[in-house]
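So the chains spell out like this:
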Amino acid sequence: QILPPDLSFIDEDNLQLIFKTFANYGLKINLMQNTAISFRICVNNDNSRIPHVIQELENYYKVCMEEELELITIRYYDQVTIDRVLVDKEVLLEQYTETTVQMVVRKKNT
């Protein structure tokens, strides 16, 4: 999650800087969610690139990273399929389109 340090808005200039930083390090964004005050993303776990991206972005933003997450993508989903893949998982972020659902999840503590 990327947040402005002063609770200002994530505007076009901020998005341009964020995307440019990811592109400079060749780190692809798999899922993103933008609100007025935050930008949440899911990327592949690439320990050779992520620390550099975080270090650069922390010059401008508050960056919160959570590991041990999984991105699930279901095309042509139905509720039965969603329920089946979410057993023992907690949903942190989800996006639905007409034909596809994507969810960032973590294992529930049992």
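Not measured: the values here are computed from a predicted model.

A. Looking closely at the layout of surface pockets. Quantified by volume, the largest pocket comes out at close to 660 Å³. Along the wall of the largest pocket there are 24 residues; nearest its centre are I41, C42, M65, E66 and L69. Going through the elements one at a time, strand 3 (39–43), helix 2 (50–57) and strand 6 (89–96) are the ones with two or more residues in the lining of the largest pocket. Taken together, the residues that form the lining of the largest pocket break down as 17 nonpolar, three polar and four charged.

B. Representation of the sheet that holds strand 6 within the structure. The sheet built from three strands is open, its strands ordered 5-7-6 with antiparallel pairing. Either end of the sheet is taken by a strand with one partner, and the two such strands are strand 5 (70–75) and strand 6. Put simply, the sheet's adjacent strands are angled 25° from each other on average, direction ignored. Of the pairings in the sheet, the one linking strand 6 to strand 7 (residues 100–107) comprises seven bridges and is antiparallel in character.

C. Structural context of the pairing of strand 3. Looking at chain direction, strand 2 (residues 29–34) and strand 3 are connected through five bridges and run antiparallel. Opposite M32, over in strand 3, you have I41 as the bridge partner. Linking strand 2 to strand 3, which pair antiparallel, is a turn of four residues.

Scoring rules and cut-offs
- Residues numbered from 1 in each chain as written.
- Predicted model: local features only at pLDDT ≥ 70, side-chain atom pairs only at ≥ 80, totals over all residues.
- Heavy atoms only, no water.
- 1 Å grid on protein atoms, 1.4 Å probe; cavity = no way out; pocket = protein on both sides within 12 Å on 5 of 7 lines; lining within 4 Å.
- Points joined across faces, edges and corners; volume = space filled by probe spheres on them.
- Helix = DSSP H or I, 4+ residues; strand = E, 2+ residues; numbered from the N terminus.
- Nonpolar A, V, L, I, M, F, W, Y, C, P; charged D, E, K, R; others polar.
- Pairing = 2+ DSSP bridges.
- Axes fitted to C-alpha atoms, helices over the stretch in contact; angles between N-to-C directions.

All quantities given are derived from atomic positions and should not be read as evidence of function.
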